[in-house]
Amino acid sequence: MKGPFRADHVGSLIRPPQLREAQRAKQAGAPPADLKGLEDQAIRDAVQLQERAGITAVTDGEFRRITWRESFFNAVDGYSREKHEPSFGFRLPDGKIQKGQPVPRVVAKLKRRRAMVVDEFRFLKGLTKATPKVTLPAPAVAHFYLGDQMIDKAVYADRREYMADVSAIYREEVADLARAGCTYLQLDDVSLAVLCDAGFREDMQHRGGSADEAIDLYIDAFNDAVRDRPAGMSICSHLCRGNVGQGIGAGGYEPIAERIFNGLDVDGYLLEFDTPRAGDFTPLRFLPKGKRVALGLVSTKVRELESADRLRTRIDEASKYADLEQLCLSTQCGFASGFQFDRLTIEDEERKLALIAETATKVWTQ
């Protein structure tokens, strides 16, 4: 069985304190001499944690990255040094709005300067006999945060020409990952899920385009990016509304369900269903045969451990709309971003991953 697996998770994990401190020092311009060694050891420990928990596909926790989306911008020439804040932000638990992380703008034709995550994957692959999973931001990251304001019209005539170059860069990365032995690639996408939010759809119009046009653009760019992948590589899309505070948007998957389930060229999806902001399971009725959905029922935002009985009940509810054999169980997002608000510990993380593995075993093999 290819990914998503019965017991899966989104990818990012809680960094140990020593690694967090070292990476903060790097951001401040004073990286410790042993930073790579600290990252290497933290990844080894994270792999062992996932294997102990019984997770089928393991990641490196994204421990070499500061943010989930930096791997694209850091590997590509053609962007400005200065960065610009998007018009929207995250709603924090106290009601305040935290602006989304700033992004650069296009100043020249894009060119892939180096691989995004191939070296990260090679190191991970050497540490485990399980399936190593690597994650990347979806191509939409190159447009969504500023929209057409990211593009210098003197460089690219329109968004389609620009996104064609973005997708070409991804095809190079996918080819290099395939040569390195990658069989499970996850592309993380905030844009499509956030465009389910009625308020955000209206905001898109103020930015100079419609939500539906953006959805079509992002789906086409995604498919163009992965079109040459080998038959043995599983591609999955993780859709998230933002894991900081209450996220960027809310609303069920209904506005995009038919298009993502039938339009995205993927083997499966990792979708959040942990809170009412994600809506109910009815959009799963559009899931075609041959594709799977990992139900993100286990939260990475709260320390409380979910009830195994409750998880089973919710899986049963989802199976009314999609065949049980097409369903899997996962976290709703990565642990790294949720950690900051409820202070989950690495021990909490392991308990939640073990719960996913144990529940999946009971649901699908017993």
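Let me sum up the structure you'll find in this document.

Analysis parameters
- Residues numbered from 1 in each chain as written.
- Predicted model: local features only at pLDDT ≥ 70, side-chain atom pairs only at ≥ 80, totals over all residues.
- Heavy atoms only, no water.
- Helix = DSSP H or I, 4+ residues; strand = E, 2+ residues; numbered from the N terminus.
- Rg over C-alpha atoms; globule rule 2.2 N^0.38 Å.
- Buried < 20%, exposed > 50% of the residue type's maximum accessible area, 1.4 Å probe, protein only.
- Contact = heavy atoms within 4.5 Å.
- Areas by Shrake-Rupley, 256 points an atom, 1.4 Å probe, with all protein chains shown as cover.
- Core = buried A, V, L, I, M, F, W, Y, C linked by side-chain atoms within 4.5 Å.
- Pairing = 2+ DSSP bridges.
- Axes fitted to C-alpha atoms, helices over the stretch in contact; angles between N-to-C directions.
- Parallel < 35°, antiparallel > 145°, perpendicular 65-115°, else oblique.
- Left-handed = near helix turned anticlockwise from the far one by under 90°.
- Nonpolar A, V, L, I, M, F, W, Y, C, P; charged D, E, K, R; others polar.
- Salt bridge = Lys/Arg side-chain N within 4 Å of Asp/Glu carboxyl O.
- Phe/Tyr/Trp six-rings, centres within 6.5 Å; stacked < 30°, edge-to-face > 60°.
- Lys NZ or Arg CZ within 6 Å of the ring centre and 35° of its normal.
- 1 Å grid on protein atoms, 1.4 Å probe; cavity = no way out; pocket = protein on both sides within 12 Å on 5 of 7 lines; lining within 4 Å.
- Points joined across faces, edges and corners; volume = space filled by probe spheres on them.

## Topic: the overall build of the protein
Argument step 1. Helix and strand counts for the protein come out as 12 helices and 12 strands.
Argument step 2. A compact globule built from 366 residues would reach a C-alpha radius of gyration of about 21 Å, and the protein, at 19 Å, matches this within 12%.
Argument step 3. In terms of its C-alpha atoms, the protein occupies a principal-axis envelope of roughly 60 × 50 × 45 Å.
Argument step 4. The proportion of buried residues among the 366 residues of the protein is 57%.
Argument step 5. Expressed as a percentage of contacts within the protein between residues at least 6 apart in sequence, the contacts between residues at least 24 apart total 79%.
Argument step 6. Of the accessible surface of the protein, which amounts to about 15000 Å², a share of 48% is contributed by carbon and sulfur atoms.

## A look at the nonpolar core
One broad trend across soluble globular proteins is that nonpolar side chains are buried collectively.
Argument step 1. Of all hydrophobic cores here, the largest spans 109 residues; its most connected members are Phe72, Tyr79, Tyr162, Leu177, Leu185, Leu284 and Leu295.
Argument step 2. Looking at this core, the element that brings in the most residues is helix H8 (residues 211–226), giving 10 residues.
Argument step 3. Excluding residues that lie within four positions of it along the chain, Leu185 makes contacts with Val134, Leu136, Val174, Leu177, Met233, Ser234, Ile235 and Cys236.
Argument step 4. Of all hydrophobic cores here, the second largest spans eight residues; its members include Phe5, Cys236, Leu270 and Ala294.

## Considering the pairing of strand S10 (residues 268–272)
Argument step 1. For S10, the buried fraction is high: five of the five residues fall into the buried class.
Argument step 2. Side chains Gly268, Leu270 and Glu272 of S10 all project onto a buried face; the interleaved residues Tyr269 and Leu271 project onto the opposite face, where all are buried too.
Argument step 3. Both strand S9 (residues 234–239) and S10 contribute to a ladder of four bridges, which runs parallel. By the bridge assignment for S10, Ser237 is matched with Tyr269.
Argument step 4. In the sheet, S10 pairs with strand S11 (residues 292–298) via five bridges, with the strands oriented parallel. The partner of Gly268 across the bridge, within S11, is Arg292.

## Examining the packing of helix H10 (residues 308–318) against helix H12 (residues 346–364)
Argument step 1. Direction vectors running N to C along H10 and H12 enclose 50°, while the axes themselves pass 10 Å from each other. Here H10 lies oblique to H12, going by the angle between them. For the pair H10 and H12, the sense of crossing is right-handed. Along its contact with H10, which presents Ala308, Leu311, Arg312 and Ile315, the element H12 presents Leu355, Thr359, Lys362, Val363 and Trp364.
Argument step 2. Class assignment of the residues belonging to the contact of H10 with H12 gives a composition of six nonpolar, one polar and two charged.

## Here we look at the pattern of salt bridges
When the charged atoms of two side chains lie near each other, side chains of opposite charge can form a pair.
Argument step 1. Following the criterion strictly, the structure yields 36 salt bridges and no others.
Argument step 2. Between Glu254 and Arg285 there is a salt bridge; the shortest N-O distance is 2.5 Å. Here Arg285 lies in the loop between S10 and S11 and Glu254 lies in helix H9 (residues 254–263), a separation of 31 residues in the sequence.
Argument step 3. Judged by its relative accessible area of 36%, Glu254 falls in the partly exposed class.
Argument step 4. Judged by relative accessible area, which is 43%, Arg285 ranks as partly exposed.
Argument step 5. Measuring nitrogen to oxygen at the nearest pair gives 4.0 Å for the salt bridge that ties Lys289 to Asp323. Placement of Lys289 in the loop between S10 and S11 and of Asp323 in the loop between H10 and strand S12 (327–331) is noted, with a sequence separation of 34 residues between them.
Argument step 6. On the basis of relative accessible area, Lys289 is assigned to the exposed category, the value being 67%.
Argument step 7. Beyond isolated ion pairs, a larger network of salt bridges with shared partners links Arg112, Glu172, Glu173, Asp176 and Arg179.

## Some details on the packing of aromatic side chains
Argument step 1. Throughout the structure, instances matching the rule amount to 11 aromatic pairs.
Argument step 2. Their ring planes at 80° and their centres at 6.4 Å tell us that Phe144 and Tyr218 sit as a pair that is edge-to-face. Of this pair, Phe144 sits in the loop between strand S7 (134–137) and helix H5 (159–180) while Tyr218 sits in helix H8; the two residues are 74 residues apart in sequence, bridging distant segments of the chain.
Argument step 3. A residue is classified by how much of its surface remains accessible, and Phe144, at 1% relative accessible area, is buried.
Argument step 4. Accessibility expressed as a relative area gives 2% for Tyr218, which makes it buried.
Argument step 5. The interplanar angle of 85° and the centroid separation of 5.0 Å between the aromatic rings of Phe261 and Tyr269 together place this pair among those described as edge-to-face.
Argument step 6. Taking relative accessible area as the criterion, Phe261 reaches 1% and is therefore assigned buried.
Argument step 7. A residue is classified by how much of its surface remains accessible, and Tyr269, at 0% relative accessible area, is buried.
Argument step 8. Chaining the aromatic ring pairs together yields one cluster made of Phe72, Phe73, Tyr79 and Tyr170.
Argument step 9. Above the face of the Tyr145 ring, Arg69 is positioned so that its terminal group lies 4.3 Å from the ring centre.

## Examining empty space enclosed by the protein
Argument step 1. If you walk through the whole model with that rule in mind, you get three cavities of 30 Å³ or more.
Argument step 2. Ranked by residue count, the leading element in the lining of the largest cavity is H8, at three residues.
Argument step 3. Looking at the lining of the largest cavity residue by residue, the class counts come to three nonpolar, five polar and four charged.
Argument step 4. Looking at the second largest cavity, the residues that line it are Gly11, Thr59, Asp60, Glu62, Arg65, Glu120, Phe121, Leu124, Lys133, Val134 and Thr135.
Argument step 5. Where the lining of the second largest cavity is concerned, the elements lending two or more residues are helix H4 (118–125) and S7.
Argument step 6. It is H4 that provides the largest number of residues to the lining of the second largest cavity, a total of three residues.
Argument step 7. Its residues assigned to classes, the lining of the second largest cavity comprises three nonpolar, three polar and five charged.

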